[in-house]
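Chain and residue survey
What follows is each chain in one-letter form.
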There are 2 protein chains.
Amino acid sequence: MLTPERHQIILRLLKEKNVVKIQEIMELTDTSESTIRRDLSQLEDQKFLKRIHGGASRLQGKLQEPSMVEKSSKNLQEKRMIAQYAASLVEAGDCIYLDAGSTVIEMIGYLPLKEIVVVTNGLMHIAPLLNKGISTYLIGGLAKPNTNAFIGRGALASLDLYRFDKCFMGVNGIHPQFGFTTPDQEEALVKQKAISLSREAFVLADNTKFAEISFAKISEIHEASIITNELEDETEKQYVNRTTIKVVTA
Amino acid sequence: MLTPERHQIILRLLKEKNVVKIQEIMELTDTSESTIRRDLSQLEDQKFLKRIHGGASRLQGKLQEPSMVEKSSKNLQEKRMIAQYAASLVEAGDCIYLDAGSTVIEMIGYLPLKEIVVVTNGLMHIAPLLNKGISTYLIGGLAKPNTNAFIGRGALASLDLYRFDKCFMGVNGIHPQFGFTTPDQEEALVKQKAISLSREAFVLADNTKFAEISFAKISEIHEASIITNELEDETEKQYVNRTTIKVVTA
DNA sequence: TGGTTTTTGAAAGAAAGTGATTGATTTCTG
DNA sequence: CAGAAATCAATCACTTTCTTTCAAAAACCA
């Protein structure tokens, strides 16, 4: 695993949890303690986090925001392009599943108004969906702090009540060996189950995501499509050669 | 448990209660007295709190939170009194159900922080519960516009996964013949089911509510209590003669 | 391919965190 | 006010985590 990949994972974890233990990162990245320590030192030098005894903590204050805001706004337009295309796939009468996550949430604004039913595990999706007058179901389960997603046994059991025409999944990374990845195993289980209940699965991923726990081997998704923006080289294309890939351009 | 996590917990406790005992923190964090003492010393050095005999107290000054900003509504204060009393019934280790609704939501601020699990069907409850660091489960189901409650088949099925020590229900009205009432049948079904899964049921009702579809005949609730503020006459008391009634006064 | 640089994992001693104990101090109670 | 109970600071032994160092493995480059 490449160094910047690990760094991404660490920062993502921190964003969700405020505090991460070294032990935790070791397990997730399958690397040694030494390596993680070096990573944390580097990230601390770059002012991305603060090292603490036993791990690292997010540094709160002004220094954090500019980089994050900058990044999100830079990616936002690309996310919207992807989201808009994904939304165009939804047809009248469809029952669709929307995964929690920032890319998927952008779909809501572009969804057609006609007679669709949406099921989701994303808390933040509810308000905009209801605003559009769309029939909205939330699956139950344990509320996961900071990500506002629902996971766990309750979530899985609730999912069993539904069948979907299409599901749209967010993703943290795409890895040639592990498939689609996310840093939280519980979340991975929910994604996995939703996919299994859906006739077609679509994965929304901007091209920064091609670089954590896998929730589905690419080959396991039968009718999967990855919707992304421009890929920079052929190396990335090899990751997705077993699925349809739709590249959205400006 | 990492040091900053404990510090977070301590500060959160202080934010709620102004004063916190060492004993209390020990139980909540499952650490020794020595450790908590050290934590308190550090936090005092950082000017986050003031140590006092037996624990710590919030230092009053600039950093005060605007906790009682919204005293405006007369009804709100009565709701809060009722909610505060109801919250005081919750004990460490309890698994409780919180009904959607404006009176019940006021309970959240008064809930004890120790090791409780909350299950709810109220969308608006999630954020404040997570803010307090409480383990929070949402039942699934159809999102009902405007009330932000979850109802329907999915909600009922999700409920089946849980058992509650106590449940706290909002109510629209109390009627001598029909019992507790609510205008939406679907919501009534959810309330009914939650009550049936709970060892004890509490109904929160300010006295304006005494006069729609019943979700439970009063006699059907075995261990029910109504928590209300002052009742104005005996007529109203007759409504509740088959249950415990707790009248909260200022 | 062969040499250089970078990355990695392991090990040893240093540092920090933890829990128990002691005896002093404070608070409670009759 | 006096004895009991609770709380406190200081210390010690123990555990975990940290830093430093070094050699092996991997990646890089000509």
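Look above for the structure.
Figured I'd write up the structure that's included with this text. (Residues numbered from 1 in each chain as written. Chains lettered and ligands numbered in written order. Predicted model: local features only at pLDDT ≥ 70, side-chain atom pairs only at ≥ 80, totals over all residues. Heavy atoms only, no water.)

1. A short note on the protein's contact with DNA strand D
Lining the immediate environment of DNA strand D, one finds 15 residues, of which Arg37(A), Arg51(A), Gly54(A), Arg37(B) and Gly54(B) sit closest. For DNA strand D, the fraction of atoms within 4 Å of the protein that belong to sugar or phosphate moieties is 85%. Taking Arg37(A), its side chain carries an N or O atom lying 2.3 Å from a phosphate oxygen of DNA strand D. Those elements that place two or more of their residues in the surface near DNA strand D are strand E2 (50–52) of chain A together with helix H3 (33–45) and strand E2 (50–52) of chain B. (Near = heavy atom within 4 Å. Polar contact = N/O pair within 3.5 Å; in protein donor to acceptor, adjacent residues only side chain to side chain. Helix = DSSP H or I, 4+ residues; strand = E, 2+ residues; numbered from the N terminus.)

2. Re the packing of aromatic side chains
Taken as a whole and judged by the stated rule, the model has eight aromatic pairs over all chains. Ring geometry for Tyr137(A) versus Tyr162(A): centroids 5.8 Å apart, planes at 65°, classification edge-to-face. Residue Tyr137(A) is found in strand E6 (residues 135–138), and its partner Tyr162(A) is found in the loop between helix H7 (152–159) and strand E9 (164–169); the two are separated by 25 residues along the sequence. Under the relative-accessibility criterion, Tyr137(A) is labelled partly exposed at 25%. Measuring from ring centre to ring centre gives 6.3 Å for Tyr162(B) and Phe164(B), while their planes differ by 15°; the resulting arrangement is stacked. An identical accessibility class is assigned to Tyr162(B) and Phe164(B); each is buried. (Phe/Tyr/Trp six-rings, centres within 6.5 Å; stacked < 30°, edge-to-face > 60°. Buried < 20%, exposed > 50% of the residue type's maximum accessible area, 1.4 Å probe, protein only.)

3. Quick word on the protein's contact with DNA strand C
As a matter of local geometry, DNA strand C sits amid 17 residues, with Thr35(A), Arg38(A), Arg6(B), Thr35(B) and Arg38(B) nearest to it. Contact distances for DNA strand C include 2.9 Å between a phosphate oxygen and a side-chain N or O atom of Ser32(A). In this structure, a base nitrogen belonging to DNA strand C sits 2.8 Å away from a side-chain N or O atom of Arg38(B). By residue class, the composition of the surface near DNA strand C is two nonpolar, eleven polar and four charged. (Nonpolar A, V, L, I, M, F, W, Y, C, P; charged D, E, K, R; others polar.)

4. Overview of the side chain of Lys191(B)
Residues and elements named next belong to chain B. By the element assignment, Lys191 lies in helix H8 (residues 185–196). Lys191 sits in the buried class, given a relative accessible area of 3%. From its side chain, Lys191 meets the backbone oxygen of Gly170 in a polar contact 3.3 Å long.

5. A closer look at the environment of Gly93(B)
All names here are of chain B. You can see Gly93 is positioned in the loop between helix H4 (74–88) and strand E4 (95–98). Here the alpha-carbon distance between Gly93 and Val117, two residues 24 residues apart in the chain, equals 7.5 Å. Those residues within four positions of Gly93 in sequence are excluded, and the remaining contacts are Lys114, Glu115, Ile116 and Asp165. (Contact = heavy atoms within 4.5 Å.)

6. Concerning the interface of chain B and chain A
Taken together, the 25 residues of chain B in the interface contact 28 residues of chain A. Summed over both sides, the interface of chain B with chain A buries roughly 2000 Å², with 71% coming from carbon and sulfur. Considering only the surface of chain B that becomes buried against chain A, Leu2(B), Leu130(B) and Leu161(B) emerge as the three largest contributors, covering 25% of it. Counting the contacts that link chain B with chain A gives one salt bridge. The shortest N-O distance in the salt bridge between Glu5(B) and Lys21(A) comes to 3.5 Å. The interface formed by chain B and chain A holds five residue pairs in polar contact (both at pLDDT 80 or more) in total. Elements represented by at least two residues in the side of chain B that touches chain A include exactly helix H1 (3–17), helix H6 (126–131), strand E6 (135–138), strand E7 (141–144) and helix H7 (152–159) of chain B. Broken down by element, the residue count for the side of chain B that touches chain A peaks at four residues, all from H7(B). Of the residues contributing to the side of chain B that touches chain A, the split by class is 16 nonpolar, seven polar and two charged. (Buried area = accessible area lost by both parts, 1.4 Å probe. Salt bridge = Lys/Arg side-chain N within 4 Å of Asp/Glu carboxyl O.)

7. Considering H1(B)
All names here are of chain B. The end-to-end C-alpha separation of H1 is 21 Å, in line with the 21 Å expected for 15 residues at 1.5 Å each. For H1, the full list of buried residues reads Arg6, His7, Ile9, Ile10, Leu13 and Leu14. The buried residues of H1 all sit within an arc of 160° when viewed along its axis, so they share a single face. Along its buried surface, H1 packs onto strand E1 (19–21), helix H2 (22–29), H3 and strand E3 (55–57). (Expected span 1.5 Å × (residues − 1). Arc of directions from axis to C-beta.)

8. Quick word on the sheet that holds strand E3 (residues 55–57) of chain A
Residue and element names in this part refer to chain A. What the three strands build is an open sheet, ordered E1-E3-E2; its pairing is antiparallel. Each edge of the open sheet is held by one strand with a lone partner, namely strand E1 (19–21) and E2. Recorded for the sheet is a direction-independent mean angle of 25° between the axes of neighbouring strands. Direction of pairing for E2 relative to E3: antiparallel, over a ladder of three bridges. Each bridged residue has a counterpart across the sheet, and for Arg51 the counterpart in E3 is Ala56. Sheet strands in contact with helix H1 (residues 3–17) are E1 and E3, and its direction is about 130° off that of E1. (Pairing = 2+ DSSP bridges. Axes fitted to C-alpha atoms, helices over the stretch in contact; angles between N-to-C directions.)

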